[in-house]
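Observations on chain architecture
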Amino acid sequence: MRRTCVIGAGPSGLAASKVLAARKVPFDCFEAGSQLGGLWRYGNDNGMSGVYASLHANISKESMSFSSLAMPEDGPVFPHHSKVLAYLEDYATTFDLHRHIAFGAEVTSVRPLDEGGWEVVHRRRGDASTQAVPRCYTDVVVANGHHWDPRLPDPAIPGTETFEGSAVHSHDYRSPEPYAGRRVLVIGMGNSGCEIAAEISRTAERTYLSARSPAHVFPKMLLGRPADHLVRSPPAALPRFIKGPAMALLLRLTRGAPAHYGLAEPAHGPLAAHPSTSDELLVQLARGAVTPKPGVSLFGRDTATFTDGSRESVDAVVYATGYSISFPFLSPSVFAAPSGRTELYLRTVPPRLAGLYFMGLAQPSGVAFPLLEPQAEWIADLIEGTVALPTPEEMARAIARERRHHARTYVPTYRHGIEIDVRAYGKALRRELRAGRRRARGALPAPPAGPPPPRNPADAQSAEALHGAGSELGST
Ligand SMILES: Cc1cc2nc3c(=O)[nH]c(=O)nc-3n(C[C@H](O)[C@H](O)[C@H](O)COP(=O)(O)OP(=O)(O)OC[C@H]3O[C@@H](n4cnc5c(N)ncnc54)[C@H](O)[C@@H]3O)c2cc1C
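This structure is a prediction, so every number in the text was calculated from the model and none was measured.

**As for the overall build of the chain**
Looking only at helices and strands, the chain has nine helices and 24 strands in total. Relative to a compact globule of 476 residues, whose C-alpha radius of gyration would be 23 Å, the chain shows 23 Å and is just as compact. For the chain, the spread of C-alpha atoms along the three principal axes comes to 65 × 55 × 50 Å. Looking at the chain residue by residue over its 476 residues, the buried ones come to 55%. For the chain, contacts bridging at least 24 residues in sequence account for 70% of all contacts bridging at least 6. Within the structure as shown, the chain displays about 20,300 Å² of accessible surface, and the carbon and sulfur contribution to it stands at 56%. Seen as two clouds, the 51 positive and the 46 negative side-chain charges of the chain have centres 6 Å apart.

The following block contains the structure:
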């Protein structure tokens, strides 16, 4: 008898649970925290939420809604985190999901079994003295999130150990009060860095925003609509060589040149990186409340020196330097995401680990939750056997092909390792569904049945080296 384990009850795990419950696929969902919502639960007792008090979604409510349940129409365009959490609670109640979730249950080990299937071990979170409980599952859906394991500069910036001021990662930033009247350096120009620098600058004595390479800063509204709506508008279907310059022009017309704000011109086009959206940063830059800086080359006791040779007095640092993708319950010899890249077919299926699936590891610009249910539906199809996968070799070739496309499309940084184009991804998923149905009916070759062979660590490298892919295979 098949039984599935879902790890995590954040947005990804909830979407997986909703789909499996609707199809009556037997499953258990383990959630480390005592309540659902993942990152969106402020102060989550799982210790994994980096949400700060004033945080609002950086994309609109339409882009934060699952396909099967819209966010309330009368709510704000960019909901506060408390409203996103209320929505997730509503989603779980609407689809009666609470009864499937074991709360306070941290999965500590997921191990492939020789005879096929997976052994999953869980225990009460943070309580090493409680007895770990092993259970066997035919399928495991990993939905543990990828924004909880803070990444710091590696190697550390020279002089880091001599700096005597306060230093936190943005994961631990909650409010601007501790920074009032201080000289603060925020490192990193992703969404968190931009928004936190803008917020701190209202009361700090000085605020510096440092980025090794400058980012495009998008306003939240473009042409009178939430900027993320552009992702779903007809022009988004245009080829990238038209869309890229068109977006650059649109930004120039609405926001003006980066130089107006003292920002350097980014070396890449606006679509080559995950967008940093912050109207408030642009205003605070224009007011001189935030001073942009290049990368930090050296820390002193109470100073930071920058790569342009300038030096500033600093007494607090916020590292908005992103997150590592981690799976502490999986041996790295089974699965890992080195350099922020995952070896996953359509960002979901590891080619040689039958019965293991990953949710939410595709990072699109301008849309998030709407992708999760279609991904969960595909996983449920695979579990039920109504679709079949290509062979592991074909999947590895498709991943390698996608990697080459990715390298041509996005800046080569850790942060962009799982970046996707949402339209291309949706298309590839639909194509794979059609091909998978044909494979399941026997019209196309399916992979050999049997237990998942233990993963050969060399697979990750070999996929890089493979070329070409079966014509029916999707590519993101
Ligand atoms: C500051 C910040 C702002 C963001 N803003 C936006 C935004 O505006 N819009 C947007 O779409 N996205 C935003 N994101 C991205 C965010 O990651 C996603 O919105 C979403 O929360 C991802 O859902 P998830 O379920 O994959 O992960 P999470 O929300 O992180 O949930 C993962 C769940 O898995 C559980 N878990 C983890 N490990 C285990 C284990 N071993 N055993 C049991 N349970 C486990 C955790 O307790 C958690 O509940 C933001 C991220 C950050 C850091």
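**Topic: the domain arrangement of the chain**
Examined at the domain level, the chain breaks down into domain 1 (4–148 + 324–440) and domain 2 (160–321). Just the C-alpha atoms count here: the centres of domain 1 and domain 2 sit 29 Å apart. Listed per partner, the contact involves 33 residues of domain 1 and 30 residues of domain 2. In total, about 2,300 Å² of surface goes out of reach between domain 1 and domain 2, with carbon and sulfur atoms giving 52% of it. Broken down residue by residue, the surface that domain 1 buries against domain 2 is led by Tyr52, Arg415 and Arg423, which jointly contribute 26%. At the surface where domain 1 touches domain 2, the tally comes to two salt bridges. Note that Asp421 and Arg240 form a salt bridge whose closest N and O atoms lie 3.4 Å from each other. Those elements giving two or more residues to the side of domain 1 that touches domain 2 turn out to be strand S23 (363–364) and helix H8 (422–440). Class assignment for the residues of the side of domain 1 that touches domain 2 results in 15 nonpolar, 13 polar and five charged.

**With respect to the packing of helix H1 (residues 11–22) against helix H6 (residues 372–384)**
H6 packs onto H1 with a crossing angle of 50° between their chain directions and a minimal axis gap of 9 Å. If you check the angle between H1 and H6, you find them oblique. Pair H1 / H6 crosses with right-handed handedness. Across from Pro11, Ser12, Ala15, Ala16, Lys18, Val19 and Leu20 in H1, the residues of H6 making contact are Leu372, Glu373, Ala376, Glu377, Ala380 and Ile383. A breakdown of the residues in the contact of H1 with H6 according to their chemical character gives nine nonpolar, one polar and three charged.

**Quick look at the environment of Ala400**
You can see Ala400 is positioned in helix H7 (residues 392–409). Residue Ala400 is classed as buried on the basis of its relative accessible area, which comes to 2%. Sequence spacing of Ala400 and Tyr345 is 55 residues, and the spatial spacing of their C-alpha atoms is 9.6 Å.

**A closer look at the packing of H1 against helix H2 (residues 81–94)**
Axis separation between H1 and H2 bottoms out at 10 Å; the angle between their running directions is 15°. Classed by the angle they form, the pair H1 and H2 counts as roughly parallel. Like other packed secondary-structure pairs, H1 and H2 cross with a definite hand, here left-handed. On H2, the residues touching Pro11, Leu14, Ala15 and Lys18 of H1 are Leu88, Tyr91 and Ala92. The class makeup of the residues in the contact of H1 with H2 is six nonpolar, no polar and one charged.

**A short note on the site of the ligand**
Near the ligand lie 30 residues; those nearest to it are Ser12, Glu31, Asn46, Asn58 and His147. One of the backbone nitrogen or oxygen atoms of Ala143 is found 3.5 Å away from an oxygen atom of the ligand. With respect to the ligand, the side chain of His147 contributes an N or O atom lying 2.7 Å from an oxygen atom. Contributing elements (two or more residues each) for the shell around the ligand: H1, strand S2 (27–31) and strand S4 (105–112). A total of three residues in the shell around the ligand trace back to one element, the largest contributor, which is S4. For the shell around the ligand, a count of residues per class yields 18 nonpolar, 10 polar and two charged.

**Remarks on unusual backbone geometry**
Among all residues except glycine, the phi angle is most often negative; among peptide bonds, the trans geometry is most common. Look at the link from Asp154 to Pro155: it is a cis peptide, with omega at 5°. Following the sequence through the fold, Pro155 ends up in the loop between strand S8 (149–150) and strand S9 (166–169). Not every positive phi belongs to a glycine, and Lys24 is a case in point at roughly 60°. Following the sequence through the fold, Lys24 ends up in the loop between H1 and S2. One non-glycine residue, Asp96, adopts positive backbone phi at about 55°. Tracing the backbone shows Asp96 in the loop between H2 and strand S3 (101–103).

**As for H2**
Relative to the 20 Å expected for 14 residues at 1.5 Å per residue, H2 spans 20 Å between its end C-alpha atoms, a close match to the ideal helical length. Within H2, burial applies to His81, Val84, Leu85, Tyr87, Leu88, Tyr91 and Ala92. The buried residues of H2 all sit within an arc of 155° when viewed along its axis, so they share a single face. Looking at the buried residues of H2, the elements they touch are H1 and H6. Of the residues flanking the end of H2, it is Asp96, one or two places downstream, whose phi is positive at about 55°.

What counts and what doesn't
- Along every chain, residues carry numbers that run from 1 in the direction the sequence is written.
- Only residues with pLDDT of at least 70 get local features here, since the model is predicted, and only at 80 or more are side-chain atom pairs given and counted; chain-wide, interface and lining totals rely on the full set of residues.
- The side-chain values count all of the structure's non-hydrogen atoms but skip hydrogen atoms and water molecules.
- The helix and strand labels rest on DSSP assignments: H or I over at least four residues marks a helix, E over at least two residues marks a strand, and numbering proceeds from the N terminus.
- Computation of the radius of gyration draws on C-alpha atoms alone. For the globule rule, the value is 2.2 Å times the number of residues to the power 0.38.
- The buried label goes to any residue with under 20% of its type's maximum accessible area, the exposed label to any with over 50%, and the partly exposed label to all in between, with areas taken from a 1.4 Å probe on protein chains only.
- Throughout, a contact is declared for two residues whenever any of their heavy atoms are within 4.5 Å.
- In short, Shrake-Rupley with a 1.4 Å probe defines the accessible areas, and a residue's cover is counted only from the protein chains shown.
- In this charge count, Lys and Arg are treated as positive and Asp and Glu as negative; neither His nor the chain ends contribute.
- By convention, the point assigned to a charge is CZ for Arg, NZ for Lys, CD for Glu and CG for Asp.
- Residue ranges assigned to each domain were obtained from an automatic or database domain assignment.
- Once two parts are joined, some of their accessible surface, as seen by a 1.4 Å probe, is lost; buried area is that loss totalled over both.
- Here a salt bridge means any side-chain nitrogen of Lys or Arg lying within 4 Å of a carboxyl oxygen belonging to Asp or Glu.
- Each residue is assigned to one class: nonpolar for Ala, Val, Leu, Ile, Met, Phe, Trp, Tyr, Cys and Pro, charged for Asp, Glu, Lys and Arg, and polar for all the others, Gly among them.
- To define axes, lines are fitted to C-alpha atoms, for helices over the stretch in contact only, and angles between the resulting N-to-C directions are given on a 0 to 180 degree scale.
- The cut-offs work like this: below 35 degrees is roughly parallel, past 145 is roughly antiparallel, 65 to 115 is roughly perpendicular, and the gaps in between are oblique.
- Handedness of a crossing is defined here by the sense of rotation of the near helix relative to the far one, left-handed for an anticlockwise turn of less than a right angle and right-handed for a clockwise turn.
- Note on definitions. A residue lies near a molecule or strand when any single heavy atom of the residue is within 4 Å of it.
- For the purposes of these results, a polar contact is taken to be a pair of N or O atoms within 3.5 Å, where, inside protein, one atom must be able to donate a hydrogen and its partner to accept one; residues adjacent in sequence count only when each atom of the pair is a side-chain atom.
- Take the residue count of a helix, subtract one, and multiply by 1.5 Å to get its expected span.
- Our arc is simply the arc of the directions from the helix axis toward the C-beta atoms.

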